[in-house]
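Chain by chain, the residues:
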Amino acid sequence: MSDAKIAIYGLGTMGSALALNMAEKGVKIAVSNRSSDAVPTFLDEAGELAVQIDGFDTLEAMIDALPSPRTILFMIPSTGPMDDMMDHVIPLLSPGDTVIDAGNADFHATRARSARLSEHDLHFVGMGVSGGEEGARTGPSMMVSGTAHSWEQLQPVAEAIAAKFDGVPCVAHLGPDGAGHFVKMVHNGIEYADMQAISEVYGLMRYGAGEAPETIGARFACWNAGPLKSFLTEITAKILTSTDDHTGQPMIDVIVDSAGQKGTGRWTVIEALKLGQSASTIEAAVGARIWSSQRDRRAAGATLLDGPGLLDLPSDEDLEAALMAARILGHAQGFDVMQTASEDYDWALDMGQIARIWRAGCIIRSALLDDISEAYEGDMPERSLMLAPAMRARLADAVPALRRVVGAAVASGYPVPVLSAALAWHDSMRQARGSASMIQAQRDFFGHHGFARLDDAGQHHGSWTR
Ligand code: 6PG
C-alpha cells in the first residue's frame, strides 16, 4: 500500500517537474509512466526527494496501492490519449476517485469527460497549469475546475506547490467542468497577444530603425523596471542580449521568423466568436503567427510588392506606453471573453480571483495583473475592464502614444497587427454612435432584413431610392 496523497501518471517534462515540486513541498506522491523505464530513471533524478515518492511500473499497480478516494493527475496529451486513458481507467477506479487532466485541453472535451466520469460516480478535474517547465518545478499558476469533493482532496497539494504572490497561492477552484481549461485557454490567448505586441515593437526598432538587438534588449530591460514589468518583458530583454554559441551572432538573428502554435490561441478566437465576442487583439496575434509561417509567400512579396519606407521611430516613451496600452486592451478583451463564457455556461467565474492567481507563476504574470485584480474590487462600468477607473487613467496616458506608434508604423509600412487591433477596438468602444447604421441600412436595402429606429420601437424598413 502507498500513503501517497496524490498520484502522477506521465513523467514527461511537465509531469516530472510537478512531481518533484510536490515531493519538495513535503507531499507524499505516487508516480507511474506508460513506459515503465522512466520510473527508476525519475527516482534516480529525484535524489533525496525520492523518499517522498512511491514509484510503480504500471498504472494498475499504482491504482491498486492507493487509498480511496484516489486523486490521479494525468500529464499526457489531452487529446485522443486522454480519451483512451479514460476507457482504460474507469474500470480500475472506485466511486469518489478523481482523475485530473493537467494538460492544455479543449474545454469542450473536459466538459464531456466530466459528464462521462460522473456517470460512474467518478470525478474529473480540468486543471490549467501555466509557467512552463520551470513554473511546474518551482511554482506554477493553476486554474482548477471540477467538483467540491475533488477540490477538497486537491487543495492542500495545489496550494503547497503553487507560485505565491505576497504569500497567497496562485491557484483557485474556479468553477465546474470546463471552467479551468477555458480560463487557461484565454490565458494563452492573452499570452499570444502580449507576445505579438512585444514582437511588433521589437520589429519597429530592429527593422524600421536598424537598432542592434543588444540596444533593444537594454530598452526592454529598462521597461521591465517600470509599469511594463512582466515575465514576457523580462525574457525579451534576456533574449535580445543572448549570443549564439555557434556563430557569435545575436541569438535572435539566427532564428527563423516563423512562429509555431499548438492551438490554444486559435481556440480562444474561435470560442470568443461563438460567444459573440471579438477578441481582435488575440485574433491579430494568431493571424500574425500564420502569416509568419508563410515564408515563401513573404519572400515573394518582398520582391514583388513595394517595400516599407523609412520609419520615423517613435520615442522610447511612446514605444513603452504603446505596449502598455496594447497590454491593457488585450487583457480587457480576454476578460470580456471569460465574463461572457461564465454567463453562458453558468460558471460564476470570479474575474478578480482569476487576475489574482495570474499575478505569479504563469507566463503572463505582470505588474498589470496586480492592478487588474484591484480594479475588479472597485467600480467597473458595464463590467468592462477598460472602463475601470484605474485602467481608464492609464489608457488616457498611453493611448495617444499607441496612436503615434501605430501611425508611424502604418505611414512607413511596418506591420503592427496587434497594436492596431488594440487601437481600433479602443476607438470603437468610445464611439457612442458609430457607423453601423450604414450596415443596417445596407442589409435592409438588399435583403429587407429590417432595422431598429432611434425614435420608435420594433423592426422597421427603409424607404430606399432604387
Ligand atoms: C503556459 C503556456 C503553455 C503553452 C506554451 C506554448 O501557460 O505555460 O501557455 O501552456 O503551451 O506557451 O504555446 P504555443 O505553442 O501555442 O505558443
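Treat the numbers as computed from the prediction; the structure is a model and nothing was measured.

**Re helix H12 (residues 280–293)**
End to end, H12 covers 20 Å across 14 residues, agreeing with the expected 20 Å (1.5 Å per residue, within 8%). Across the 14 residues that make up H12, a large majority, 10, are buried. Buried residues of H12: Ser 280, Thr 281, Ile 282, Ala 284, Ala 285, Val 286, Gly 287, Ala 288, Arg 289 and Ser 292, and no others. Elements that come into contact with the buried residues of H12 comprise helix H8 (179–208), helix H11 (264–274), helix H13 (295–304), helix H14 (316–345) and helix H18 (417–429).

**What to know about the nonpolar core**
Core analysis: the biggest nonpolar cluster contains 90 residues, and Phe 182, Phe 220, Phe 335, Met 338 and Trp 358 have the highest contact counts within it. There are two domains that each give this core at least three residues, and those are domain 1 (6–177) and domain 2 (185–429). With sequence-adjacent residues up to four places away left out, Phe 182 is seen in contact with Phe 107, Glu 271, Leu 275, Val 337, Met 338, Ala 341 and Trp 347. Leu 49, Leu 73, Ala 136 and Val 144 belong to the second largest nonpolar core, which has 34 residues in total.

**Focus on the pattern of salt bridges**
If charged atoms from side chains of opposite charge come close, those side chains can pair. Taken as a whole and assessed by the stated rule, the structure comprises 23 salt bridges. A salt bridge links Glu 24 to Arg 137; its shortest N-O distance comes to 3.1 Å. Separated by 113 residues along the polypeptide, Glu 24 in helix H1 (residues 13–24) and Arg 137 in helix H6 (residues 132–138) bring together distant segments of the chain. Connected via shared salt-bridge partners are Asp 3, Lys 28 and Asp 54.

**Topic: the site of the ligand**
The environment of the ligand is formed by 13 residues, the closest being Ser 130, Lys 184, Glu 191, Tyr 192 and Arg 289. Here an oxygen atom of the ligand and a side-chain polar atom of Ser 130 are 2.4 Å apart. Here Tyr 192 contributes a side-chain N or O atom positioned 2.5 Å from an oxygen atom of the ligand. Summarising the interface, the protein chains cover 80% of the accessible area of the ligand, which totals 410 Å² for the free molecule. In terms of residues, the shell around the ligand owes the most to one element, H8, which gives 5 residues.

**Looking at the packing of aromatic side chains**
Throughout the structure, instances matching the rule amount to 12 aromatic pairs. Measuring from ring centre to ring centre gives 5.6 Å for Tyr 9 and Phe 74, while their planes differ by 55 degrees; the resulting arrangement is tilted. On the criterion of sequence distance, the pair formed by Tyr 9 in strand E1 (residues 6–9) and Phe 74 in strand E4 (residues 71–74) is long-range, its members being 65 residues apart. Pair check on accessibility: Tyr 9 and Phe 74 agree, each one buried. The interplanar angle of 80 degrees and the centroid separation of 6.3 Å between the aromatic rings of Tyr 202 and Tyr 207 together place this pair among those described as edge-to-face. Using a relative accessible area of 55% as the deciding quantity, one classes Tyr 207 as exposed.

**A closer look at the environment of Leu 59**
Topologically, Leu 59 is positioned in helix H3 (residues 59–65). Those residues within four positions of Leu 59 in sequence are excluded, and the remaining contacts are Tyr 9, Ser 32, Phe 74, Met 85, His 88 and Val 89.

**Some points on the side chain of Asp 194**
Its place among the elements puts Asp 194 in helix H8. Engagement of the side chain of Asp 194 in a polar contact is seen with the side chain of Arg 327, the distance being 3.1 Å. Leave out the neighbours within four places in its chain, and Asp 194 touches Leu 232 and Arg 327.

**Some points on the pairing of strand E10 (residues 171–175)**
Most of E10 sits out of view: 4 of its 5 residues are buried. Sheet analysis places strand E7 (residues 141–145) next to E10, joined by 4 bridges and oriented parallel. When the sheet's bridge partners are listed, Met 142 is paired in E10 with Val 171.

**Let's talk about the environment of Asp 312**
Relative to the assigned elements, Asp 312 resides in the loop between H13 and H14. Judged by its relative accessible area of 64%, Asp 312 falls in the exposed class. On a C-alpha basis, the gap between Asp 312 and Ala 409 in space is 8.2 Å, while along the polypeptide they are 97 residues apart.

**Let's talk about the domain arrangement of the protein**
Under the domain assignment used here, the protein contains domain 1 (6–177), domain 2 (185–429) and domain 3 (436–466). A separation of 55 Å is found between the C-alpha centroids of domain 1 and domain 3.

**Thoughts on the state of the cysteines**
Counted under the stated rule, the structure contains 0 disulfides. With no disulfide of its own, Cys 362 lies 7.5 Å from the sulfur of Cys 170, the closest cysteine sulfur. With a relative accessible area of 0%, Cys 362 lands in the buried category.

**A short note on the sheet that holds E4**
One open sheet accounts for 8 strands, arranged E3-E2-E1-E4-E5-E6-E7-E10; its pairing is mixed. Every other strand in the sheet has two partners, leaving strand E3 (53–55) and E10 as the edge strands with one partner each. Neighbour-to-neighbour, the strand axes of this sheet turn through a mean angle of 25 degrees, independent of strand direction. Across 4 bridges, the pairing between E4 and strand E5 (residues 98–101) is parallel. Residue pairing for E5: Leu 73 is matched across the bridge by Ile 100. Relative to the sheet, H1 contacts E1, strand E2 (29–32), E3, E4 and strand E6 (123–130), its axis offset from that of E1 by approximately 160 degrees. Together, E1, E4, E5 and E6 form the strand contacts of helix H4 (residues 80–89), whose direction differs from that of E4 by roughly 155 degrees.

What counts, and where the lines are drawn
Residue numbers restart at each chain and count upward from 1, following the sequence in its written direction. Per-residue local features of the predicted model are confined to residues with pLDDT of at least 70, and side-chain atom pairs are confined, for both listing and counting, to 80 or more; whole-chain, interface and lining totals are unaffected and use all residues. The side-chain values count all of the structure's non-hydrogen atoms but skip hydrogen atoms and water molecules. Numbering of helices and strands runs from the N terminus; a helix is a DSSP stretch of H or I covering at least four residues, while a strand is a stretch of E covering at least two. In this scheme, a helix's expected span is set at 1.5 Å multiplied by one less than its residue total. Partly exposed residues are those whose accessible area sits between 20% and 50% of the maximum for their type, while under 20% is buried and over 50% is exposed, using a 1.4 Å probe and protein chains only. In this analysis, two residues are considered to be in contact whenever any of their non-hydrogen atoms come within 4.5 Å of each other. Put simply, buried Ala, Val, Leu, Ile, Met, Phe, Trp, Tyr and Cys residues joined by side-chain atoms within 4.5 Å make one nonpolar core. Domain delimitation follows an automatic or database domain assignment. The rule for a salt bridge is simple: a side-chain nitrogen of Lys or Arg has to be within 4 Å of a carboxyl oxygen of Asp or Glu. To be near a molecule or strand, a residue needs just one of its heavy atoms within 4 Å of it. Any pair of nitrogen or oxygen atoms within 3.5 Å is treated as a polar contact; in protein, a donor-acceptor pairing is required on top of that, and neighbouring residues in sequence qualify only through side-chain atoms on both sides. Note on areas: Shrake-Rupley, 1.4 Å probe, and residue coverage restricted to the protein chains presented here. Stacked, tilted and edge-to-face are the three classes assigned to paired rings of Phe, Tyr and Trp, where Trp is represented by its six-membered ring and a pair needs centres within 6.5 Å; plane angles under 30 degrees give stacked, over 60 edge-to-face, the rest tilted. Note: two strands are recorded as paired if DSSP finds a minimum of 2 bridges between them. Two cysteine sulfurs form a disulfide in these notes if their separation is within 2.5 Å. Here the axes come from fitting lines to C-alpha atoms, over the contacting stretch only for helices, and the angles between their N-to-C directions go from 0 to 180 degrees.

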